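Coordinate inspection notes
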Amino acid sequence: MEYIRIPGLDKDVTRVALGTWAIGGWMWGGTDEYESVKTIHTALDKGINIIDTAPVYGFGRSEEIVGKALKEYGKREDIAIATKTALEWNAEQNAVWRNSSPSRIRQEVEDSLKRLQTDVIDIYQVHWPDPNTAFEETAETLAQLKGEGKIKVAGVSNYSPEQMDAFRKGADLGVCQPPFNIFERAIEQDVLPYCLDNGIATLTYGALCRGLLSGKMASDRTFPGDDLRNVDPKFKQPRFEQYLTAVERLQEFAKTRYNKDVVHLAIRFVLDKGASVALWGGRHPEEMNPLPGMFGWHITADDFKEIGNILNETIKDPVGPEFMAPPSK
Ligand code: NAP
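Predicted model only: the values in this text are computed from it and were never measured. (Residues numbered from 1 in each chain as written. Predicted model: local features only at pLDDT ≥ 70, side-chain atom pairs only at ≥ 80, totals over all residues. Heavy atoms only, no water.)

This paragraph deals with the state of the cysteines. Under the defined criterion, the tally for this structure stands at 0 disulfides. Residue Cys 195 stays outside any disulfide, its sulfur separated by 4.2 Å from that of Cys 176, the closest cysteine. Free cysteine Cys 209: the closest other cysteine sulfur is in Cys 176, separated by 18 Å. (Disulfide = S-S within 2.5 Å.)

So this is what it looks like as structure tokens:
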């Protein structure tokens, strides 16, 4: 296991976190509470000590399940909870939009504390930049929450460096949460160097690119209900086949060069590129099995180039994660 210190927290956190979006069910075709709690307990048993969630994941459901699982597990002081704020929703209409106004954030923090059954949130992140509220004003609200002892570290998610500059006029920024995986590398150009230069920890999300990089994805896989992979352009042919071919090549490469699997390579890639913590989503206990293979080795500079070559040779029509962005009002 590897650990990292995030200023503002009184414990080191593991460089792999459990992400619980799928555990909320919404946009993942539903959830199973028993299985979800078991997954959280398995991740903790295997040594992970940081869990990421959000109020919008299942419209409160993910936070409730995380709260329940942690209550049952105990040792709350050894575990860091990262949650988010500033997305509003209408569950009946299945509508979500950005709202980082002070009143929304103040209401949400109280709701999150209740659902999570805790009296302090370790990392509190503005989920998406909201152009209708000045970033500095949003930051000031988080700074006040910190002063009141409701949160420990203020963070943002999906912000550009310019937006982080504006935010930092109103609060210390401890964490940024952008997308990052072998297939979605845009942050290498701007957000990652900005965070490294400014001492902002990165909790990068989608390490397995919604399961593509698990090594278990197949072209005949179907996704029930509202699973976002039904609308993700990477999962539509002919692109899906290109990405699966890339995964096959990456699997061969991981095996030959490191005697590892593509799932290990995917997490190692994120960590060795300089992300502080890789957020790995899971909702079945057995999905946590590959964890130990992610540590104790590194990808060489030449091999980073080789991974780039594999992508260039296999993916003719790359596409990013932009389809996930919620609207602003
Ligand atoms: P991901 O790690 O890219 O993919 C997670 C999915 O991969 C799982 O739900 C599971 O899918 C599959 N999977 C995981 N481990 C597996 C294994 N060992 N074998 C086979 N399949 C496996 O995650 P993500 O959930 O999209 O992102 C991770 C976390 O980042 C989220 O949970 C959330 O906390 C955060 N996130 C944040 C934002 C943001 O805007 N801030 C956006 C996206 C995600 P199946 O359901 O098919 O089993």
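Of the volumes computed, that of the second largest pocket is approximately 380 Å³. Together, 21 residues line the second largest pocket, and Pro 179, Ala 186, Ile 187, Pro 321 and Glu 322 are the ones closest to its centre. Its residues placed into classes, the lining of the second largest pocket shows 13 nonpolar, 4 polar and 4 charged. (1 Å grid on protein atoms, 1.4 Å probe; cavity = no way out; pocket = protein on both sides within 12 Å on 5 of 7 lines; lining within 4 Å. Points joined across faces, edges and corners; volume = space filled by probe spheres on them. Nonpolar A, V, L, I, M, F, W, Y, C, P; charged D, E, K, R; others polar.)

Within helix α9 (residues 262–272), 10 of the 11 residues are buried, which leaves it mostly tucked inside the rest of the structure. Within α9, burial applies to Val 262, Val 263, His 264, Leu 265, Ala 266, Ile 267, Arg 268, Phe 269, Val 270 and Leu 271. Where α9 is buried, its residues meet β3 (16–19), β11 (201–204), α8 (239–258), β12 (277–281) and α10 (301–314). Positive phi appears at Gly 274, one or two residues downstream of α9, with a value of about 115 degrees. (Buried < 20%, exposed > 50% of the residue type's maximum accessible area, 1.4 Å probe, protein only. Helix = DSSP H or I, 4+ residues; strand = E, 2+ residues; numbered from the N terminus. Contact = heavy atoms within 4.5 Å.)

Moving on: the sheet that holds strand β9 (residues 151–157). Pairing is parallel in the closed barrel, where 8 strands are placed in the order β3-β4-β5-β8-β9-β10-β11-β12. Direction aside, neighbouring strands of the sheet carry axes that sit 30 degrees apart on average. Pairing between β3 and β12: 4 bridges, direction parallel. Each bridged residue has a counterpart across the sheet, and for Gly 19 the counterpart in β12 is Gly 281. (Pairing = 2+ DSSP bridges. Axes fitted to C-alpha atoms, helices over the stretch in contact; angles between N-to-C directions.)

So, on to the site of the ligand. The environment of the ligand is formed by 31 residues, the closest being Asp 52, Arg 210, Arg 221, Arg 283 and Glu 287. In this structure, an oxygen atom belonging to the ligand sits 3.2 Å away from a main-chain N or O atom of Thr 20. Residue Glu 287 places a side-chain N or O atom 2.5 Å away from an oxygen atom belonging to the ligand. About the coverage of the ligand: the protein hides 95% of its 900 Å² of free accessible area. For the shell around the ligand, the secondary-structure elements that each account for two or more residues are α1 (21–24) and β12. Looking at the shell around the ligand, the element that brings in the most residues is β12, giving 3 residues. When the residues that make up the shell around the ligand are grouped by side-chain class, the tally is 12 nonpolar, 11 polar and 8 charged. (Near = heavy atom within 4 Å. Polar contact = N/O pair within 3.5 Å; in protein donor to acceptor, adjacent residues only side chain to side chain. Areas by Shrake-Rupley, 256 points an atom, 1.4 Å probe, with all protein chains shown as cover.)

Now for helix α4 (residues 102–115). The end-to-end C-alpha separation of α4 is 20 Å, in line with the 20 Å expected for 14 residues at 1.5 Å each. Listed in full, the buried residues belonging to α4 are Arg 104, Ile 105, Glu 108, Val 109, Ser 112, Leu 113 and Arg 115. Seen end-on, α4 carries its buried residues on one side only, within an arc spanning 160 degrees. When the buried face of α4 is taken as reference, the exposed residues oriented beyond 90 degrees from it are Ser 103 and Lys 114. Taken from the residues just after α4, Gln 117 is the one with a positive phi, measuring 55 degrees. (Expected span 1.5 Å × (residues − 1). Arc of directions from axis to C-beta.)

This part is about the side chain of Thr 20. Position of Thr 20 among the secondary structure elements: in the loop between β3 and α1. What Thr 20 contacts, discounting residues up to four positions off in sequence, is Ile 51, Asp 52, Thr 53, Tyr 57, Ser 62 and Val 66.

Function-wise, these values are silent; they only describe arrangement.
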